[in-house]
Amino acid sequence: MKARKIGKTIDEIEEGDSLSLTESIEDNQLLLYLGLTNDANPLYIQHDFVKDTEYERPVVPSIMLMGIITSAISKHLPGPGSHVVNFSINFIDPVYHYETLTFEFEVIKVDKMKDVVTISVEAANSDEKRILDAVVMVKPPTFKLEEETNE
């Protein structure tokens, strides 16, 4: 059987574990999101509409930013096999098309009784202006014991 990559289990995670991720928001990502969700909010794509609003130019959908966070959790911390069970987020400032964002992840609590880790997330744009804060509770990957799977 081919070995598969799995993320860190609860016993392999410690408070203070961290991850830094930089992501640029490009047209292809925005168009994929809008196509998949059928979200036709003119705030996201219509320059002539947005110029008359407080934003003045198209903004990135909030749920796309949440997707970047959950993707990083699935890929890196704790990694493959992990599952988000609670997500709390505060959007401080809008994110505009073509911005480059840096996301800082840090494990702030490991609860072995509940088999959940709590991860704090902060993101800033290239001007180092904070654009969001989040707290994500994640169930790290767990697998049945070998004896149970062979029955």
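This is a predicted model, so every value here is computed, not measured.

**So, the nonpolar core**
Point 1. Membership of the largest hydrophobic core comes to 36 residues, with the highest contact counts inside it found for I69, F103, F105, I119, V121 and L132.
Point 2. At the level of secondary structure, the elements contributing two or more residues to this core comprise β1 (18–24), α1 (27–37), α3 (62–75), β3 (100–111), β4 (116–125) and β5 (130–139).
Point 3. Per-element accounting of this core gives the leading share, six residues, to α3.
Point 4. What F103 contacts, discounting residues up to four positions off in sequence, is L19, S20, L21, E23, L65, I68, I69, V121, E122, A123 and L132.

**Considerations on the UniProt feature "domain: MaoC-like" (unreviewed entry) in the chain**
Point 1. UniProt feature "domain: MaoC-like" (unreviewed entry): in the numbering of this structure it lies at residues 22–119.
Point 2. End C-alpha to end C-alpha, residues 22–119 measures 17 Å, and it is 30% helix and 29% strand.

**Here's the deal with the sheet that holds β1**
Point 1. Strand order in this open sheet of five strands is β1-β3-β4-β5-β2, and the pairing throughout is antiparallel. Across the chains shown, the open sheet's two edge strands, defined by having one partner strand only, are β1 and β2 (83–91). Averaged over neighbouring strand pairs, the angle between their axes works out to 20 degrees when direction is ignored.
Point 2. Note: β2 against β5, eight bridges, orientation antiparallel. Looking across to β5, one finds that N86 is bridged to M137.

**Remarks on the pattern of salt bridges**
Point 1. In total, this model carries five salt bridges according to the counting rule given.
Point 2. Among the ionic pairs, K129 bridges to D93, the shortest N-O distance being 3.3 Å. Remark: D93 occurs in the loop between β2 and β3 and K129 occurs in the loop between β4 and β5; sequence separation between them is 36 residues.
Point 3. For D93, a relative accessible area of 26% gives the class partly exposed.

The rules behind these values
- Residues numbered from 1 in each chain as written.
- Predicted model: local features only at pLDDT ≥ 70, side-chain atom pairs only at ≥ 80, totals over all residues.
- Heavy atoms only, no water.
- Core = buried A, V, L, I, M, F, W, Y, C linked by side-chain atoms within 4.5 Å.
- Buried < 20%, exposed > 50% of the residue type's maximum accessible area, 1.4 Å probe, protein only.
- Helix = DSSP H or I, 4+ residues; strand = E, 2+ residues; numbered from the N terminus.
- Contact = heavy atoms within 4.5 Å.
- UniProt positions renumbered as here; feature names shortened; annotations may be inferred.
- Pairing = 2+ DSSP bridges.
- Axes fitted to C-alpha atoms, helices over the stretch in contact; angles between N-to-C directions.
- Salt bridge = Lys/Arg side-chain N within 4 Å of Asp/Glu carboxyl O.

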